[in-house]
Amino acid sequence: MTIFKETVDEEFLTVSEARDLLADVEAERAADEERELRYELSRAVEHVDRFAVLEGEESRELVEDLLELEQIAETATAVKIADLLPRNRDELRAVFAQERYALSGDELDEVLNVVAKYA
């Protein structure tokens, strides 16, 4: 017997937004003395605390600004850029390494200018 699971909904979150959500879960668990913080959840909280640079709302604004650019067509790419906050062309090229297209220097600079507003 095979059980198939269907994806009902999908939403991309930045690490900063995940930190905000996990902080709510952590506070809820701390309020209830009988519920412990599971190992996986505590590791996830440590991870997002370590790697989240921006605030959740600020990172979502960055994603929306990036999606307004012609160069960035996918939400996943914008979220990846918002998480990594690349500071130069080489770091930004690494984000686009898996794509079927390459950006010119001017296009990379345009994306970096948007990122620089938030970093």
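Counting restarts for each chain, with residues numbered from 1 along the sequence as it is written. Owing to the predicted nature of the model, reporting of local features is limited to residues with pLDDT of at least 70; listing and counting of side-chain atom pairs is limited to 80 or more, with chain, interface and lining totals taken over all residues. To get the side-chain values, take all heavy atoms of the structure and skip hydrogens and water.

Where helices and strands are cited, they refer to DSSP runs of H or I of at least four residues and of E of at least two residues respectively, numbered from the N terminus. Position of Ser104 relative to the elements: it lies in the loop between helix 5 (89–95) and helix 6 (105–118). For every residue, the accessible area obtained with a 1.4 Å probe (protein chains only) is divided by the maximum for its type, and the residue is called buried under 20%, exposed over 50%, and partly exposed between those limits. Residue Ser104 is classed as partly exposed on the basis of its relative accessible area of 36%.

Turning our attention to a negative patch on the surface. Patch definition: residues with relative accessible area over 30% and no salt bridge; like charges joined within 9 Å; nonpolar side chains (Val, Leu, Ile, Met, Phe, Trp, Tyr) joined within 5 Å. Computed with a 1.4 Å probe, the accessible areas rest on the Shrake-Rupley method; for each residue, only the protein chains presented here act as cover. A side-chain nitrogen of Lys or Arg and a carboxyl oxygen of Asp or Glu constitute a salt bridge if their distance falls within 4 Å. Lys and Arg are tallied as positive, Asp and Glu as negative. Neither His nor the chain termini are counted. We put the charge of a Lys on NZ, of an Arg on CZ, of an Asp on CG and of a Glu on CD. Together, Asp20, Asp24, Glu57, Glu61, Glu64 and Glu68 line one region of the surface with negative charge. Here the element with the most residues in the negative patch is helix 3 (residues 56–67); it accounts for three residues. Relative to the assigned elements, Asp24 resides in helix 1 (residues 15–31). Accessibility expressed as a relative area gives 52% for Asp24, which makes it exposed.

Looking at the element boundaries, Ser59 is found in helix 3. Here Ser59 falls in the buried class, since its relative accessible area comes to 0%. Under this definition, polar contacts are N or O atom pairs within 3.5 Å; protein pairs additionally need one hydrogen-donor-capable and one acceptor-capable atom, and for neighbouring residues in sequence, both atoms have to be side-chain atoms. Polar side-chain contacts of Ser59 include one of 2.8 Å to the backbone oxygen of Gly56.

As a further point, take helix 4 (residues 75–84). Those residues of helix 4 that sit buried are Thr77, Ala78, Val79, Ile81 and Ala82. The contact definition used throughout considers only heavy atoms, calling two residues in contact when any of these lie within 4.5 Å. For helix 4, the secondary structure elements touched by its buried residues are helix 3, helix 5 and helix 6.

What we call a nonpolar core is a set of buried Ala, Val, Leu, Ile, Met, Phe, Trp, Tyr and Cys residues that are connected through their side-chain atoms within 4.5 Å. If you look at the biggest cluster of nonpolar residues, it comprises 21 residues, and the most contacted ones within it are Leu62, Leu66, Ile72, Ile81, Leu92, Phe96 and Val111. Counting only elements with at least two residues in this core, the list comes to helix 3, helix 4, helix 5 and helix 6. No other element matches the six residues that helix 6 contributes to this core. Excluding its chain neighbours within four sequence positions, the residues that come into contact with Ile72 are Leu66, Leu67, Thr77, Ala78, Ile81, Phe96 and Val111. Grouped together as the second largest cluster of nonpolar side chains are six residues, Val15, Leu22, Leu41 and Val45 included.

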